[in-house]
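# Close look at the chain arrangement
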Amino acid sequence: MSKSAETLAQHFTAPELLLHALIIELEAVQSYKDLAEQMRECGNKDVAELFEKMSVLEAEHAAKIREEAKDVELPELAPWEYRWSGLEPPENIDLAGVHYLMTPHQALTLALENEVSAMAFFDAVAHDTADDKVRSFAQEFAADERQHVAWMKDWLAKYPPPDDDWDYDPDPPAAID
Amino acid sequence: MSAVAPCKLKASDYKSGTKPVWCPGCGDYHVLASVTKAVAALQLAPENIAVISGIGCSSRLPAYLNSYGFHGVHGRALPLATGLKVARPDLTVICASGDGDGFSIGGNHLLHACRRNIDITYIVMDNEIYGMTKGQPSPTTAPDWDTDLAPGGTGVSPFHPLVIALASGANFVARAFSGDVKGTTRTLAEAISHPGFSFVQILSPCVTFRPDQRDWKTKVHPPPVEFTTDAAQAARRVMTDDGFNIGVLYKGSRDKYNQSVEREVNFECDFDGEFLV
């Protein structure tokens, strides 16, 4: 289904990489915002607040990339022309891992996976590109993601793993079993 | 096709201020994202788009879009969409439904919409279940899906929507997976641009009543071959696939419904007189 980041790297120009980096962060901002709203709607306040914080963090990163790209003419791509290593940009939360009763530990585990995959994406681009400018940007973005990975790990350590019955709902939505 | 918007519109410009109330993790969030990205890619003006739906989780879609919309009656989205497109051929009409709404209650309308080949894009978000009413089997549910509501499974063979659409004359037939936003966006953009009746089945997991569908993301794959323009060949392909081939299956060249005929009809009538006020 997906191409590896390695096979994509040789095709990136510096403006294309900046655009991809920006889109990764903007999509993550929206993805975390949406999830925060969904969790709040379901009464899962702790996870909603956590996703809101993640959204702010990604927005800061997006602003930084936007600043770097301010003098660069970014290309215009159709949504299907973006070259990700998976189905979605690497920092988008995988909805298949989301549950309305999920705990902060599980939410942070998903967020950590995203940061790791974003780091891997930029590492692969930096490793394989023949373009010095692309490599420099990719290394910088990978370093940012590495810092986020460290933060996520610290953050995650503060929350205990979920109990076995974390998804027990005394009034479940399902009329089936 | 509708007029091109005067300035560059972004996907977020097509979202209304109404927040979706689907369950966290629902595939329909991704469908919403794909629809907004597709119409943004085509730069369709929101005021020239109408999204018509029936009843069910999927059919909440019009509320979340900054376009015209009509949340209709159960199973009757296609008749509404047909009437609108015939009366207003200048609009881009997108019809949204689920597998219960579209294949059971509205099943007969699907046949005739395909047959008429009116220029509508029909999206069916298929989660193989009636989610809004708490998990009853739908026409696409596997016969052995065992639950308290269908002990031992229904024992009934599932409906094959793509084959039915092909046999009935749909001019564009595709399957997509909601978790593949990029691919779904492209498929929807192609479907909207293709003349005549376009049918897109979107596999959209119901994480609440069918948590097993979380695995769909590992099961979907691109088809081994490109789309065909031969409906019989497309039908053979889809009858023998594993249900997880995603992409465009068929592109036909049949003339779309001749809407010039409608322009000659005098629609004037005593509309107010038809209603008791």
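Residues numbered from 1 in each chain as written. Chains lettered and ligands numbered in written order. Predicted model: local features only at pLDDT ≥ 70, side-chain atom pairs only at ≥ 80, totals over all residues.

### Observations regarding the overall build of chain B
When its secondary structure is counted, chain B shows nine helices and seven strands. Taken over C-alpha atoms, the radius of gyration comes to 18 Å for chain B, in line with the 19 Å a tight globule of 277 residues would show. A buried classification covers 53% of the 277 residues belonging to chain B. Excluding contacts between residues fewer than 6 apart, the proportion of contacts in chain B whose partners are at least 24 apart in sequence is 70%. (Helix = DSSP H or I, 4+ residues; strand = E, 2+ residues; numbered from the N terminus. Rg over C-alpha atoms; globule rule 2.2 N^0.38 Å. Buried ≥ 20, exposed ≤ 12 C-beta atoms within 10 Å, placed from the backbone. Contact = placed C-beta atoms within 7 Å.)

### Details of the overall build of chain A
Looking only at helices and strands, chain A features five helices and zero strands. When the elements of chain A are put in sequence order from the N terminus, they spell out α-α-α-α-α. Taken along its principal axes, the extent of the C-alpha atoms in chain A is 55 × 30 × 25 Å. Counting across all 177 residues of chain A, residues that qualify as buried make up 37%.

### Some points on the environment of A:A107
All names here are of chain A. You can see A107 is positioned in helix α4 (residues 104-128). Along the primary structure A107 and F51 are separated by 56 residues, whereas in three dimensions their C-alpha atoms are 7.9 Å apart. In contact with A107, not counting residues within four places along its chain, are V47, L50, F51 and M102.

### Things to note about the nonpolar core
Counting 115 residues, the largest nonpolar core has A:F51, B:C95 and B:V173 as the members making the most contacts within it. The dominant element in this core, judged by the number of residues it contributes, is helix α2 (residues 14-41) of chain A, at eleven residues. In this structure, B:V173 is in contact with B:L162, B:A165, B:L166, B:F199, B:A234, B:L249 and B:Y250, ignoring residues within four places of it in sequence. (Core = buried A, V, L, I, M, F, W, Y, C linked by C-beta atoms within 7 Å.)

### Quick notes on the packing of α2(A) against helix α5 (residues 132-157) of chain A
Geometry of a packed helix pair, given as the angle between the helix axes and the separation of the axes. Residues and elements named next belong to chain A. Contact geometry of α2 with α5 gives a least axis separation of 9 Å together with a crossing angle of 20 degrees. When the axis of α2 is compared with that of α5, the two are roughly parallel. Considering only the axes of α2 and α5, their crossing is right-handed. Residues A14, L17, L18 and A21 of α2 pack against K133, V134, F137, A138 and F141 of α5. Among the residues making up the contact of α2 with α5, the classes are represented as eight nonpolar, no polar and one charged. (Axes fitted to C-alpha atoms, helices over the stretch in contact; angles between N-to-C directions. Parallel < 35°, antiparallel > 145°, perpendicular 65-115°, else oblique. Left-handed = near helix turned anticlockwise from the far one by under 90°. Nonpolar A, V, L, I, M, F, W, Y, C, P; charged D, E, K, R; others polar.)

### Description of the sheet that holds strand β4 (residues 120-126) of chain B
Residues and elements named next belong to chain B. An order of β2-β1-β3-β4-β6-β5-β7 is seen for the seven strands of this open sheet, with the pairing classed as mixed. Where the open sheet ends on each side, the last strands, each with one partner, are β2 (68-71) and β7 (247-251). Taken pair by pair, the neighbouring strands of this sheet meet at an average axis angle of 15 degrees, ignoring direction. By the bridge criterion, four bridges tie strand β1 (residues 49-53) to β2 in an arrangement that is parallel. From the neighbouring strand, S53 faces β2, where its bridge partner is H71. Against the sheet, helix α6 (residues 181-193) contacts β3 (92-98), β4, β5 (172-177), β6 (198-203) and β7, and its axis sits at roughly 160 degrees relative to β5. Relative to the sheet, helix α8 (residues 231-239) contacts β5 and β7, its axis offset from that of β7 by approximately 145 degrees. (Pairing = 2+ DSSP bridges.)

### So, unusual backbone geometry
Even without a glycine there, the phi angle at B:Q43 is positive, about 55 degrees. Notably, B:E128 is not glycine yet its phi reads approximately 60 degrees, a positive angle.

### Some details on the environment of A:K133
All names here are of chain A. Tracing the backbone shows K133 in helix α5. The class of K133 is partly exposed, set by 13 C-beta atoms lying within 10 Å. Linking K133 and T13, residues 120 residues apart in sequence, is a C-alpha distance of 8.5 Å.

### Some remarks on helix α2 (residues 77-87) of chain B
Of the positions making up α2(B), those classed as buried are B:A77, B:L78, B:L80, B:A81, B:T82 and B:K85. Residues of α2(B) that are buried make contact with β1, β2, β3, α3 (99-105), α4 (107-116) and β4 of chain B.

### With respect to the packing of helix α3 (residues 45-68) of chain A against α4(A)
Residue and element names in this part refer to chain A. The contact between α3 and α4 brings their axes to 9 Å, and the two run at 25 degrees. Overall, the two elements α3 and α4 adopt an arrangement that is roughly parallel. The element α3 and its partner α4 pack so that their crossing is right-handed. On the side of α3, the interface is formed by D46, V47, L50, F51 and M54, while α4 contributes P104, A107, L108 and A111. Of the residues contributing to the contact of α3 with α4, the split by class is eight nonpolar, no polar and one charged.

### Brief notes about the pairing of β1(B)
Residues and elements named next belong to chain B. With five of its five residues buried, β1 lies for the most part within the structure. Residues I49, V51 and S53 line one face of β1 and the alternating positions A50 and I52 line the opposite face, and both faces are buried. Pairing of β1 with β3 involves five bridges; the strand directions are parallel. Its bridge partner being in β3, S53 is matched across the sheet by A96.

### Quick word on the confidence of the model for chain A
Low pLDDT marks regions whose predicted coordinates should not be analysed in detail. Confidence in the prediction of chain A, expressed as mean pLDDT, is 89, and 92% of residues score 70 or more. Counting contacts from residues 1-6 of chain A, a segment whose pLDDT is below 50, to residues more than four positions away or on other chains yields 17 contacts. (pLDDT = per-residue confidence, 0-100.)

### Focus: the confidence of the model for chain B
All names here are of chain B. Summing up the model confidence of chain B, the mean pLDDT is 92 and the portion of residues at 70 or higher is 92%. Note that residues 1-5 has pLDDT below 50 and, in this model, 14 contacts with residues that lie over four places away or in other chains. Taken over the whole predicted complex, pTM reads 0.89, whereas the ipTM for its chain interfaces reads 0.85.

### Thoughts on the environment of A:T129
Residues and elements named next belong to chain A. Structurally, T129 is set in the loop between α4 and α5. A residue is classified by how many C-beta atoms lie within 10 Å of it, and T129, with 22 of them, is buried. Considering only alpha carbons, one finds T129 and F12, 117 residues apart in sequence, at a separation of 7.9 Å.

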